[in-house]
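Structural features, examined
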Amino acid sequence: MRKRFCIGILLLLLGFPAAIFGQDDVATIAHRGGRKLAPENTLAALRAGMAAGVDYLELDVHQTMDSVIVVSHDETLDRCTDGIGRIDEMTFAEIRKADAGSWFGPQYAGERIPTLEEALDLVDGKCGLWIELKAGGDYPGIEKRIVDLIHQKHAEAWAEVISFDGNALRKIHALDTNIRLQKLMTSNLTLLPLFMDTGIHFGSPRKYDFVDGYCYFHRCAGPGIVRKVHRWGKKINIWTINDTKRLAKFKKRGVDGIETDDPVIFNYDYPQL
C-alpha cells in the first residue's frame, strides 16, 4: 500500500504540476507597450517593455485620413497628446506634430505617435507583438494594410492580430490563414448560450474556431472558463493584471498568457523606473 501511495504521488507531481504549483511558462504581454513604464503606445513604451523581458508587446492601431496605420489606443489625440481631434479625420502629417510623451514625464517630451511600420521595425522579432485592431469596420482596407505590413516585415512568426471585432478577424483570416489571431472577450456564460465582447451575443465564442486563442477580461476568466477554452484546443490569455497576488492566482489557474500594464511585476530583478 505504501509503495502504491508513493508511486501515485510521483505520478501526480509529474503529470499535474501546473494544477499544484501553477504554470511557469505563462507568457507576459505588456499592455500598450507597458503603460506604467513609459507613455503608452509609443516607441519609448515598446523599448521599456522589451527591456523588462516580456514575451509579447501589445499595441493598438487606428488609421489616418490618408490611410496610414498609427499606434494609439484612443480614436482621438485628446487624452495622450497635446493635440486635439479624431485620428480618422486628420492626416498623418498633422498627427505627427502632436507631443505624445510630455504628459507622462518631461523626459519623454517630443515623443511622437508612431506608425505600425515603425513599431514592427523596432520589435523585429526580439519578442512577440500583438496588434489590436480597434475598429476594423470603421477603417476601409485596414485589414489588408496590416496583413501587407506583416508580410513586408517578415513578421508572420512573431506578430499576431487581436480584436474584439470578430468580422475584422475573419477578414484577416481570409487574407492569410497563417497569421495568428486572438479573439478579445469580456465573458461567456457557462449555463446559457451567451457571450460578451463589446456587446452581448447569442451562441458560443467557439464559433471563432479559426483563432489561435481567446483573451478574456480577468474577472470573467474563472477556472471553468480556463478549462473550457483548453478543451476547445485553444490558448486562453487574460487582461489586465497589475498586482502580484492576482498574477500568482492566474498562473496557478493555468492560463497561457497574462496582459499587464506593469511588466516589472513579472521580473523582480528589473530596475524600477
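This write-up is about the structure you can find in this document. The structure presented is a predicted model; accordingly, all values stated were derived computationally and were not measured. (Residues numbered from 1 in each chain as written. Predicted model: local features only at pLDDT ≥ 70, side-chain atom pairs only at ≥ 80, totals over all residues. Heavy atoms only, no water.)

1. Side note on the pairing of strand 4 (residues 128-133)
Condition: Summary of the burial criterion: residues with accessible area below 20% of their type's maximum are buried, those above 50% are exposed, and those between are partly exposed, where the area comes from a 1.4 Å probe applied to protein chains only. Think of it this way: any DSSP run of H or I at least four residues long counts as a helix, any run of E at least two long counts as a strand, and we number them from the N terminus. Pairing between two strands requires that DSSP report at least two bridges joining them.
By the criterion of burial, strand 4 is predominantly enclosed, with 6 of the 6 residues buried. Residues Gly128, Trp130 and Glu132 point to one face of strand 4 and Leu129, Ile131 and Leu133 to the other, with burial holding for every one of them. Here strand 2 (residues 56-63) runs beside strand 4; their pairing, made up of 6 bridges, is parallel. By the bridge assignment, Tyr56 is partnered in strand 4 with Gly128.

2. Points about the packing of helix 6 (residues 142-152) against helix 7 (residues 166-175)
Here is the rule: Here an axis means a line fitted to C-alpha atoms, over the contact stretch when the element is a helix, while the angle between two N-to-C directions is reported on a 0 to 180 degree scale. An angle below 35 degrees is treated as roughly parallel, one above 145 as roughly antiparallel, one from 65 to 115 as roughly perpendicular, and anything else as oblique. The handedness criterion is simple: a crossing whose near helix is rotated anticlockwise from the far helix by less than a right angle is left-handed, and one whose near helix is rotated clockwise is right-handed. Contact between two residues is taken to exist if any of their heavy atoms lie within 4.5 Å; hydrogens are not considered. Amino acids are sorted into nonpolar (Ala, Val, Leu, Ile, Met, Phe, Trp, Tyr, Cys and Pro), charged (Asp, Glu, Lys and Arg) and polar (every other residue, Gly among them).
One can describe the packing of helix 6 onto helix 7 by two numbers: an axis separation of 9 Å at closest approach and a directional angle of 45°. The angle between helix 6 and helix 7 places the two elements in the oblique class. Crossing handedness for the pair helix 6 and helix 7: right-handed. Residue-level inspection shows Glu143, Lys144 and Val147 of helix 6 in contact with helix 7, the latter providing Ala168, Lys171, Ile172 and Leu175. Here the contact of helix 6 with helix 7 is built from residues that sort into 4 nonpolar, no polar and 3 charged.

3. Observations regarding unusual backbone geometry
In most cases, non-glycine residues show a negative phi, while peptide bonds are predominantly trans. Geometrically, the link from Trp239 to Thr240 is a cis peptide bond, its omega value of -15° lying close to zero. With respect to the helices, strands and loops of the structure, Thr240 is situated in the loop between strand 11 (235-239) and helix 9 (244-253). Residue Arg32 is not a glycine yet carries a positive backbone phi of 55°. Mapped onto the elements of the fold, Arg32 is located in the loop between strand 1 (27-30) and helix 3 (43-51).

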